Amino acid sequence: MEYIYSAMVLYSAGKDITEDAIKAVLTAAGVDADAAKIKALVASLEGVDIKEAIASAAFAAPAAAAAPAAGAAAAPAAAAAAEEPEEEAVSEEEAAAGLSALFG
């Protein structure tokens, strides 16, 4: 989480989200930065409109809060569905859309 937070701090400050900048934020926070994680984060954020991702996450939050109540009633059905593993192919668009969850 600290890697994602460092990117959000840089975004909020109006700075470029680069490997060096993320490492500097993490080091200042006393975190032993992992270069591979930093590189993966920067690569995954490339081309992502962070402002739009934050806005869409704000709309998803109220729906997510209501989900636990509905999820309790659906638990037996979910357990039955979990017995049969399914393989789903994830498109690039779906993977990129999942990145918006990083800022929610």
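Since this is a predicted model, take the numbers as computed values, not measurements.

**Remarks on helix α1 (residues 2-12)**
Note: α-helices contain 3.6 residues per turn, so residues at a spacing of three or four share the same orientation.
Here is step 1 of the chain: Looking at α1, one finds that the buried residues are Tyr3, Ile4, Ser6, Ala7 and Leu10. One face of α1 carries all of its buried residues, which in axial projection span an arc of 160°.
Here is step 2 of the chain: Considering only its buried residues, α1 is in contact with α2 (19-28) and α3 (35-45).
Here is step 3 of the chain: Downstream of α1 by one or two residues, glycine 14 has phi in the positive range, about 80°.

**Details of the confidence of the model for the protein**
Here is step 1 of the chain: The share of residues in the protein with pLDDT of 70 or more is 57%, and the mean pLDDT across the chain is 76.
Here is step 2 of the chain: Within the protein, the element-level pLDDT minimum falls on helix α5 (residues 92-98), averaging 62, and the maximum on α2, averaging 96.
Here is step 3 of the chain: The low-confidence segment residues 76-81 (pLDDT under 50) makes 0 contacts with residues lying over four places distant or belonging to another chain.

**Let's talk about the packing of α2 against α3**
Here is step 1 of the chain: Two elements in contact, α2 and α3, have axes whose closest approach is 9 Å; the angle formed by their N-to-C orientations is 125°. Classified by the angle between their axes, α2 and α3 sit oblique to one another. The handedness of the crossing between α2 and α3 is right-handed. Note on element contacts: α3 touches α2 through Ile38, Lys39, Leu41 and Val42, opposite Glu19, Ile22, Lys23 and Leu26.
Here is step 2 of the chain: Per-class residue counts for the contact of α2 with α3 are 5 nonpolar, no polar and 3 charged.

**Considering the environment of leucine 45**
Here is step 1 of the chain: Locating leucine 45 in the fold gives a position in helix α3.
Here is step 2 of the chain: It is 9.0 Å that separates the C-alpha atoms of leucine 45 and alanine 7, two residues lying 38 residues apart in sequence.

**Let's talk about α3**
Here is step 1 of the chain: Burial in α3 covers these residues: Ile38, Leu41, Val42 and Leu45. Projected down its long axis, α3 shows its buried positions confined to an angular sector of 95°, all on one face. Away from its buried face, by an angle of more than 90 degrees, α3 presents the exposed residues Ala36 and Lys39.
Here is step 2 of the chain: Here the buried face of α3 lies against α1 and α2.
Here is step 3 of the chain: If you check the start of α3, you find a side-chain oxygen 3.2 Å away from the backbone N of alanine 36, and it comes from aspartate 34.
Here is step 4 of the chain: Just beyond α3, the residue with positive phi is glycine 47, at close to 85°.

Definitions and limits used
Here, residues in each chain are numbered from 1, in the same order as that chain's written sequence. Per-residue local features are limited, in this predicted model, to residues with pLDDT of at least 70; the limit for side-chain atom pairs, both in listing and counting, is 80 or more; totals at the level of whole chains, interfaces and linings are taken over all residues. Computation of side-chain values: all heavy atoms of the structure, hydrogens and water removed. Buried, partly exposed and exposed residues are distinguished by accessible area as a fraction of the type maximum, computed with a 1.4 Å probe on protein chains only: under 20%, between the cut-offs, and over 50%, respectively. Secondary structure counts use DSSP, requiring at least four H or I residues in a row for a helix and at least two E residues in a row for a strand, with both numbered from the N terminus. Working note: the arc is built from the helix axis to C-beta atom directions. Every residue pair with non-hydrogen atoms within 4.5 Å of one another is taken to be in contact. Values of pLDDT, which run from 0 to 100, indicate the predictor's confidence residue by residue. Helix axes are fitted only over the stretch in contact, all axes being lines through C-alpha atoms; the angle between N-to-C directions runs from 0 to 180 degrees. Roughly parallel means an angle under 35 degrees; roughly antiparallel means over 145; roughly perpendicular covers 65 to 115; every other angle is labelled oblique. Should the near helix be turned counterclockwise from the far one by less than a right angle, the crossing is left-handed, whereas a clockwise turn marks it as right-handed. Under the convention adopted here, Pro, Cys and the residues Ala, Val, Leu, Ile, Met, Phe, Trp and Tyr are nonpolar, Asp, Glu, Lys and Arg are charged, and Gly plus all remaining residues are polar. N or O atoms within 3.5 Å of each other form a polar contact, as long as, within protein, one can give a hydrogen and the other can take it, and as long as residues adjacent in sequence are counted only when both atoms are side-chain atoms.

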